[in-house]
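Structure assessment
Each chain, written out:
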Number of protein chains: 2
Amino acid sequence: MDNKIRNTINRYDMLRKGDTVVVGLSGGADSVALLHILLSLREEYCLTLFACHINHNLRGEESDRDEAFVKNLCESLSVPLEAVSINVKEQVSPHESLEETARKLRYREFQRICTEKAAKLATAHTASDNAETVLINMLRGTGTKGLSGIPPVRDNIIRPLIRCSREEIEGYCEKNSLTFVTDSSNLTNDYTRNKIRHNIIPLLKEINPSFIGAAARMTAIVGDDADYLEECAAEKAKECLIDGKYDSKALKALPKALKCRIIASALKEKGVEPSTLRINRCEEIIEKGMGKVNLCKNRFAYVRKKKFYIAEEIQNYRNKTT
Amino acid sequence: MDNKIRNTINRYDMLRKGDTVVVGLSGGADSVALLHILLSLREEYCLTLFACHINHNLRGEESDRDEAFVKNLCESLSVPLEAVSINVKEQVSPHESLEETARKLRYREFQRICTEKAAKLATAHTASDNAETVLINMLRGTGTKGLSGIPPVRDNIIRPLIRCSREEIEGYCEKNSLTFVTDSSNLTNDYTRNKIRHNIIPLLKEINPSFIGAAARMTAIVGDDADYLEECAAEKAKECLIDGKYDSKALKALPKALKCRIIASALKEKGVEPSTLRINRCEEIIEKGMGKVNLCKNRFAYVRKKKFYIAEEIQNYRNKTT
């Protein structure tokens, strides 16, 4: 496994000499293995390591047990630890699952600490998490980006274990006599992920025991494709953009792969979720050379005077032009 | 469903006025619906329609029952039918499954008839088949192309039902009082497809009842991306190619998405299956600026004198240069 992780670190340029790295440490097998691996690379990369544990206070005594375990572990390894206690239940909004809120709050804390220390954040996501994420995205009807799974690197976040399966990590812990805690509520609130992890992936593994590895290879390839397409689209978008509006004829002439990405980023920029339906409807008016699409509430996509743009409906303007 | 099919036909430019179309007619719900739909479009598109039934002789009396059913159906609809009887078992090779051989022989017969009639071939693949194919490809560790599923159009083959689920087609048959035969051996020799169809997709539908539609949207998007990337790669390949060898420096400088596609097509051109491993090893010697990779048997990839190429090992040449 060591080799696989080294390859991943090199391939995605995760570590540079002298880096400061904060390890997100839940106390589970994955994050304990991650800390152990980064410690083994500390000298070679002149790393400054910190650990950060978030107590979500969602599992009563078990949450406190995990925090105590992590404190002990870090003390024994002489790794400075920041333990943060958050109250997820108090902050959950009606439009969000508990899981989603927990995730947001966790990353907020992680990033606060990373900013303080000018550090990278290392998370313990595995190839197994990646395979689950791809299937979840597929179920929702994703595009190429969703099929590239969990990105190995995003901004300051690095995921050195992203090509190792959960089984490999458990093997690594055993080989290195690493102790860790087990989350008894592995069946958390995330219905979809649990169903995929416990019911669907085992069936897929019956067909191909190396499914997790196959998914890792796939996401790596598709990730490269998605990155390249994003770059091409961003470049073309610049060429089509005049005073914040897109030349609709130039857009129309582009291949679908780029056109859809430019429409998606135009929508995102105005705070509109770029669903397939919205993108298709924008494409239709670009194809026609004129038209208006109600995207949501008072936000519209227009093709007017050979320009494509997203804007809020302004009553006066409307009266003047219609 | 009619609208969906019309959109698919338009979107992929499947039919032109005056086309001759051969319908692959097994007698099952999908192909019976397909024939019915093409008959309903016959006048509008001035189509000349034929049907072709392949009796694989794999299911004893049931095979003959299906052939008789199809003959009756075509007679009642006044559609000329060519019924072909093939012996799959006699022609199966040790490296192939019965399913695979049957598929190859079936398409060979279809294409023979299409060539005779200068016709397009319409097959009854559905969005359900497409979702299964994507999952099968995922299990094998595919790239973007494999994730685009069953192509709606390839060469002279058109698949008007590719965005309709099996349930929609059964509904269509019911609504139009269409009779069809049922393959009692739906559990055929294709272990993987059956497991996916009968065990895995039902679970995915429990999470998202519209999974088949989500997969259809996904494959449409990813298919556009894959097409565009293929085009870009083909264009760049031409720029890098000098006297049948690739300028290795120019290749090295390309984004991974294009580099891998060019390597893959160079391998395919020399009859070497472009596996991820082989592509990666070719990439390595391109990166280094020199080297040699044994691809299979006596076939090698080389980077020599700033050129990348695939060739057979020639003993004399080797003695001279080493």
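Just above sits the structure.
Just so you know, these numbers come straight off a predicted model, no measurement behind them. (Residues numbered from 1 in each chain as written. Chains lettered and ligands numbered in written order. Predicted model: local features only at pLDDT ≥ 70, side-chain atom pairs only at ≥ 80, totals over all residues. Heavy atoms only, no water.)

1. Concerning the overall build of chain A
Within chain A one finds 13 helices and eleven strands. The C-alpha extent of chain A, read off along each of the three principal axes, is 75 × 45 × 40 Å. By the burial criterion, 50% of the 322 residues in chain A qualify as buried. Sequence-distant contacts in chain A: of pairs separated by 6 or more residues, those separated by 24 or more amount to 66%. Across chain A, the centroid of the 51 positively charged side chains sits 9 Å from that of the 45 negatively charged ones. (Helix = DSSP H or I, 4+ residues; strand = E, 2+ residues; numbered from the N terminus. Buried < 20%, exposed > 50% of the residue type's maximum accessible area, 1.4 Å probe, protein only. Contact = heavy atoms within 4.5 Å. Lys, Arg positive; Asp, Glu negative; His and termini not counted. Charge placed at Lys NZ, Arg CZ, Asp CG, Glu CD.)

2. Points about the pattern of salt bridges
What the rule picks out here adds up to 53 salt bridges over all chains. With a closest N to O distance of 3.2 Å, Lys-205 of chain A and Glu-167 of chain A form a salt bridge. One end of the pair, Lys-205 of chain A, is in helix 8 (residues 191-207); the other, Glu-167 of chain A, is in helix 7 (residues 166-175), and 38 residues separate them in sequence. Assessed through its relative accessible area of 24%, Lys-205 of chain A is described here as partly exposed. For Glu-167 of chain A, a relative accessible area of 44% puts it in the partly exposed group. In this structure, Glu-100 of chain B and Arg-103 of chain B form a salt bridge, with 3.8 Å as the shortest nitrogen-oxygen distance. Separated by three residues within a single helix, Glu-100 of chain B and Arg-103 of chain B lie in helix 5 (residues 98-117), roughly one turn from each other. Because the salt bridges share partners, they merge into one network encompassing Asp-129, Glu-132, Arg-166, Arg-193 and Arg-197 of chain A. (Salt bridge = Lys/Arg side-chain N within 4 Å of Asp/Glu carboxyl O.)

3. Brief notes about the packing of helix 9 (residues 211-240) of chain B against helix 11 (residues 256-269) of chain B
All names here are of chain B. It is the contact of helix 9 with helix 11, at a shortest axis distance of 9 Å, that shows an interaxial angle of 70°. Here helix 9 lies roughly perpendicular to helix 11, going by the angle between them. Here Leu-229, Glu-230, Cys-232, Ala-233, Lys-236 and Ala-237 of helix 9 come into contact with helix 11, specifically with Ala-257, Leu-258, Arg-261 and Ile-262. Broken down by class, the residue content of the contact of helix 9 with helix 11 amounts to seven nonpolar, no polar and three charged. (Axes fitted to C-alpha atoms, helices over the stretch in contact; angles between N-to-C directions. Parallel < 35°, antiparallel > 145°, perpendicular 65-115°, else oblique. Nonpolar A, V, L, I, M, F, W, Y, C, P; charged D, E, K, R; others polar.)

4. Focus on the interface of chain B and chain A
Counting from both sides, the interface comprises 39 residues of chain B and, opposite them, 39 residues of chain A. Of the roughly 3,500 Å² buried at the junction of chain B and chain A (both faces included), carbon and sulfur atoms supply 74%. Inspection of the region where chain B meets chain A yields four salt bridges. Glu-206 of chain B is the partner of Lys-195 of chain A in a salt bridge, and the nearest nitrogen-oxygen pair spans 2.3 Å. Inspection of the region where chain B meets chain A yields eight residue pairs in polar contact (both at pLDDT 80 or more). (Buried area = accessible area lost by both parts, 1.4 Å probe. Polar contact = N/O pair within 3.5 Å; in protein donor to acceptor, adjacent residues only side chain to side chain.)

5. A word on the sheet that holds strand 1 (residues 20-24) of chain A
Residues and elements named next belong to chain A. If you walk across this open sheet you meet the six strands as 3-2-1-4-6-5, and the pairing is mixed. In the strand order of this sheet, the two ends are held by strand 3 (81-85) and strand 5 (153-154), each with one partner. Taken together, the five bridges between strand 1 and strand 2 (residues 48-55) define a ladder with parallel strand orientation. Residue pairing in the sheet places Val-21 in a bridge with Leu-49 of strand 2. Strands in contact with helix 3 (residues 61-77) are strand 2 and strand 3; relative to strand 2, the strand with the most contacts, it is inclined by about 165°. (Pairing = 2+ DSSP bridges.)

6. Details of the pairing of strand 2 (residues 48-55) of chain B
Of all eight residues making up strand 2 of chain B, seven are buried, and the element is well covered by its neighbours. As a crossover connection, the stretch from strand 1 (residues 20-24) of chain B through helix 2 (residues 29-45) of chain B into strand 2 of chain B is right-handed. (Right-handed = clockwise from strand over helix to strand, strands pointing away.)

7. Remarks on the relation of the copies chain B and chain A
Laying chain B over chain A is done by rotating through 180° and shifting 0.0 Å along the axis; what remains is an RMSD of 0.0 Å. Put plainly, the chains are arranged around a two-fold axis. Taking C-alpha positions as the reference, the residue of chain B nearest the rotation axis is Ile-200 of chain B, at 3.2 Å. Comparing contact sets, 100% of the residues at the interface of chain B also lie at the interface in chain A, consistent with an isologous, same-surface contact. (Least-squares fit on C-alpha atoms with pLDDT ≥ 70 in both.)

8. Some points on the state of the cysteines
All chains considered together, the criterion is met by zero disulfides over all chains. Summary of cysteine pairing: Cys-240 of chain A is not part of a disulfide, and the nearest cysteine sulfur, belonging to Cys-232 of chain A, is at 13 Å. A disulfide-free cysteine, Cys-260 of chain B has its sulfur positioned 9.9 Å from the sulfur of Cys-282 of chain B, the nearest such atom. (Disulfide = S-S within 2.5 Å.)

9. As for the environment of His-56 of chain A
All names here are of chain A. Structurally, His-56 is set in the loop between strand 2 and helix 3. Residue class for His-56 comes out buried when judged on its relative accessible area of 18%. Spatially, the C-alpha atom of His-56 lies 6.2 Å from that of Val-88, the residues being 32 residues apart in sequence. The residues touching His-56, leaving out its near neighbours within four places in the chain, are Ile-86, Val-88, Ala-102 and Arg-106. Among the polar contacts made by the side chain of His-56, one reaches the side chain of Arg-106 at a distance of 3.1 Å.

10. Some points on the environment of Glu-206 of chain A
Among the secondary structure elements, Glu-206 of chain A is positioned in helix 8. We classify Glu-206 of chain A as partly exposed; its relative accessible area is 47%. Sequence separation between Glu-206 of chain A and Leu-25 of chain A is 181 residues, and the spatial gap between their C-alpha atoms is 32 Å. If near-sequence neighbours (up to four positions away) are discounted, Glu-206 of chain A is found in contact with Tyr-191 and Lys-195 of chain B.

11. Regarding helix 8 (residues 191-207) of chain B
With 17 residues, helix 8 of chain B should reach 24 Å at 1.5 Å per residue; the first-to-last C-alpha distance of 24 Å fits that figure. Approximately 40° is the largest bend angle found in helix 8 of chain B, and it occurs at Ile-200 of chain B, with the proline Pro-202 of chain B only one to four residues beyond. Where helix 8 of chain B is concerned, the buried positions are Thr-192, Asn-194, Lys-195, Ile-196, Arg-197, Ile-200, Ile-201, Leu-203, Leu-204 and Ile-207 of chain B. Looking at the packing, one finds that the buried side of helix 8 of chain B touches helix 6 (127-140) and helix 8 of chain A together with helix 6 (127-139), helix 7 (166-175) and helix 9 of chain B. (Expected span 1.5 Å × (residues − 1). Bend = angle between axes of the 7 residues up to and from the residue.)

12. Concerning the side chain of Arg-261 of chain B
Mapped onto the fold, Arg-261 of chain B is located in helix 11. Judged by relative accessible area, which is 14%, Arg-261 of chain B ranks as buried. Within polar-contact distance, the side chain of Arg-261 of chain B engages the backbone oxygen of Ala-257 of chain B at 3.0 Å. If near-sequence neighbours (up to four positions away) are discounted, Arg-261 of chain B is found in contact with Asp-225 of chain A together with Thr-144, Leu-229, Glu-230 and Ala-233 of chain B.

13. Describing unusual backbone geometry
Residue and element names in this part refer to chain A. Backbone geometry at Asp-155 places phi at a positive 50°, although glycine is not the residue there. With a phi angle near 50°, Asp-243 is a residue other than glycine that sits in the positive phi range. Mapped onto the elements, Asp-243 comes out in the loop between strand 7 (241-242) and strand 8 (245-247). Overall, the relative accessible area of 77% leaves Asp-243 in the exposed class.

That's the geometry; what it means functionally is another story.
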